[in-house]
Amino acid sequence: MKAAVRDRYGSVDVVEVREVDRLRPNDDQVLVRVRAASVNRADLDALGPKPAFARLFMGLRGPRAPGLGLDVAGEIEAVGPNVTRFKAGDRVFADLFLYRNGAFAEYVCAREKAFLPIPVGMTFEEAATLPHSAVLAVQGLRLRDGRTIKAGDRVLIDGASGNVGPFAVQIAKAKGAEVTGVARTEKLDFVRSLGADHVIDYTTTDYTKMGEHYDWILDTDSHHSVLAIRRALSPGGVYVTLGGTARTIFAAVLLGLVVSRVTDKHMGLLIWWKPFNPQDVATVTQLMAAGAVRPAIDRRFPLTEVVDALRWVDDGRARGKVIVLP
Ligand SMILES: NC(=O)c1ccc[n+]([C@@H]2O[C@H](COP(=O)([O-])OP(=O)(O)OC[C@H]3O[C@@H](n4cnc5c(N)ncnc54)[C@H](OP(=O)(O)O)[C@@H]3O)[C@@H](O)[C@H]2O)c1
């Protein structure tokens, strides 16, 4: 079977599509014929890797797992002897983060617990957009103690035009929030089309200096200091960041902890991420079924051109999700 692999760390150029052995499902594993996969920032981060300390988990000298791609949707082709939840032909989707990645391939093989059934009426492409980014959007709009956004809140999504942002904008709107989306100039119309009430062009305007205040700020890729962002929070406001450089991540963790302790504001990195948490997946699929959330698909690339797909996202050209089709 064909699969995207890389043998060393580096840029998008280390990725190639090669013939590799097709896996046999053992024990509680299922073999899934991939119908659609989608690109996430995390796929690009895994190449570097970024942040650099991720080598501690991924392999010091080179990647332990050669496969790439987290978001997958497809059909069960074969099941191992101890599989109880699925049978051949079932439509499933997954975030393979905890299962050695590998979505950019003709087949994936992982334990059955990695997968959930695709809801009736949802296409493979739609399902492939959800697992990583939509779940991060739900969890970035909620604290570990369950506190979340409510109707009337002023919510700012920094990085509204990428993978997580479009889901976050739509989810916040569905909950009745007044939503501001931050993106570069040429993507502002796209962010408006998602339902954002206001947009801010980060190439000309620093939202932390506008004198506006927000009840909840979700940041997909930190570009401001914690202290600057604190100025833009309403009393009791919340700031959650998903990622950034090693420096901004450490600052969010350490300074965020101090701010959260000594003020009424909560600031910090999402550190309790539950990949493909079934309750959060259900939240998104219900919002989709109600017509409140629609995956924004930017374009499609064949698996043989997965390097171009990764580069398209890496160059900041995508508006929403990029699909890879085997
Ligand atoms: N915390 C956790 O547990 C956890 C778990 C998994 C993943 N993650 C992280 O979550 C993040 C998910 O992000 P994503 O996939 O949505 O990323 P993405 O698609 O790359 O989006 C990043 C956004 O940042 C915006 N941006 C770029 N430069 C900017 C600037 N100077 N100021 C403001 N915005 C700027 C981009 O806007 P334009 O496109 O308009 O330029 C883009 O919309 C990744 O960093 C991933 O590593 C975190």
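Every value quoted in this text rests on a predicted model; they were computed, and no experiment measured them.

Overview of the overall build of the chain
A tally of helices and strands in the chain yields 10 helices and 15 strands. Scaling as 2.2 N^0.38, a compact globule of 326 residues should have a C-alpha radius of gyration of about 20 Å, and the chain matches this with 19 Å. With the C-alpha coordinates of the chain rotated into their principal frame, the extents come out at 55 × 45 × 35 Å. Looking at the chain residue by residue over its 326 residues, the buried ones come to 48%. Restricting the contact set of the chain to residue pairs at least 6 apart, pairs at least 24 apart contribute 67%.

Focus: the packing of helix H4 (residues 133–140) against helix H9 (residues 278–289)
For the pair H4 and H9, interaxial distance at closest approach is 9 Å and the crossing angle is 100°. With respect to their mutual orientation, H4 and H9 come out roughly perpendicular. Along the contact surface, H4 presents Ala134, Val135, Val138 and Gln139, while H9 presents Asp280, Val281, Thr283 and Val284. Across the contact of H4 with H9, the residue classes tally to 5 nonpolar, 2 polar and 1 charged.

Section: the site of the ligand
Taken together, 27 residues lie around the ligand, and Arg41, Gly159, Gly162, Gly243 and Trp273 are the ones closest in. For the shell around the ligand, the elements supplying multiple residues, two or more each, are helix H1 (41–47), H4, helix H5 (164–174) and strand E9 (178–183). At 3 residues, the largest contribution of residues to the shell around the ligand is made by H1. Its residues assigned to classes, the shell around the ligand shows 10 nonpolar, 11 polar and 6 charged. For the shell around the ligand, the two domains that each supply at least three residues are domain 1 (2–132 + 277–325) and domain 2 (134–269).

Looking at the domain arrangement of the chain
Domain assignment breaks the chain into domain 1 (2–132 + 277–325) and domain 2 (134–269). Looking at the side of domain 1 that touches domain 2, the element that brings in the most residues is H9, giving 5 residues. Across the side of domain 1 that touches domain 2, the residue classes tally to 11 nonpolar, 5 polar and 5 charged.

Quick word on the packing of H4 against H5
At a minimum axis distance of 8 Å, the contact between H4 and H5 shows a crossing angle of 50°. With respect to H5, the element H4 is oriented oblique. The handedness of the crossing between H4 and H5 comes out as right-handed. From H4, Ser133, Ala134, Leu136, Ala137, Val138 and Gly140 reach across to H5, where they touch Val164, Phe167, Ala168 and Ile171. For the contact of H4 with H5, the class distribution of residues is 8 nonpolar, 2 polar and no charged.

Description of the nonpolar core
Ranked by size, the top nonpolar core spans 99 residues in total, and within it Val72, Phe93, Val108, Ile157, Ala168 and Ala172 carry the most contacts. Residues from two domains meet in this core; each of domain 1 (2–132 + 277–325) and domain 2 (134–269) gives at least three.

The rules behind the values
Residues numbered from 1 in each chain as written. Predicted model: local features only at pLDDT ≥ 70, side-chain atom pairs only at ≥ 80, totals over all residues. Helix = DSSP H or I, 4+ residues; strand = E, 2+ residues; numbered from the N terminus. Rg over C-alpha atoms; globule rule 2.2 N^0.38 Å. Buried ≥ 20, exposed ≤ 12 C-beta atoms within 10 Å, placed from the backbone. Contact = placed C-beta atoms within 7 Å. Axes fitted to C-alpha atoms, helices over the stretch in contact; angles between N-to-C directions. Parallel < 35°, antiparallel > 145°, perpendicular 65-115°, else oblique. Nonpolar A, V, L, I, M, F, W, Y, C, P; charged D, E, K, R; others polar. Near = placed C-beta within 6 Å. Domains from an automatic or database assignment. Left-handed = near helix turned anticlockwise from the far one by under 90°. Core = buried A, V, L, I, M, F, W, Y, C linked by C-beta atoms within 7 Å.

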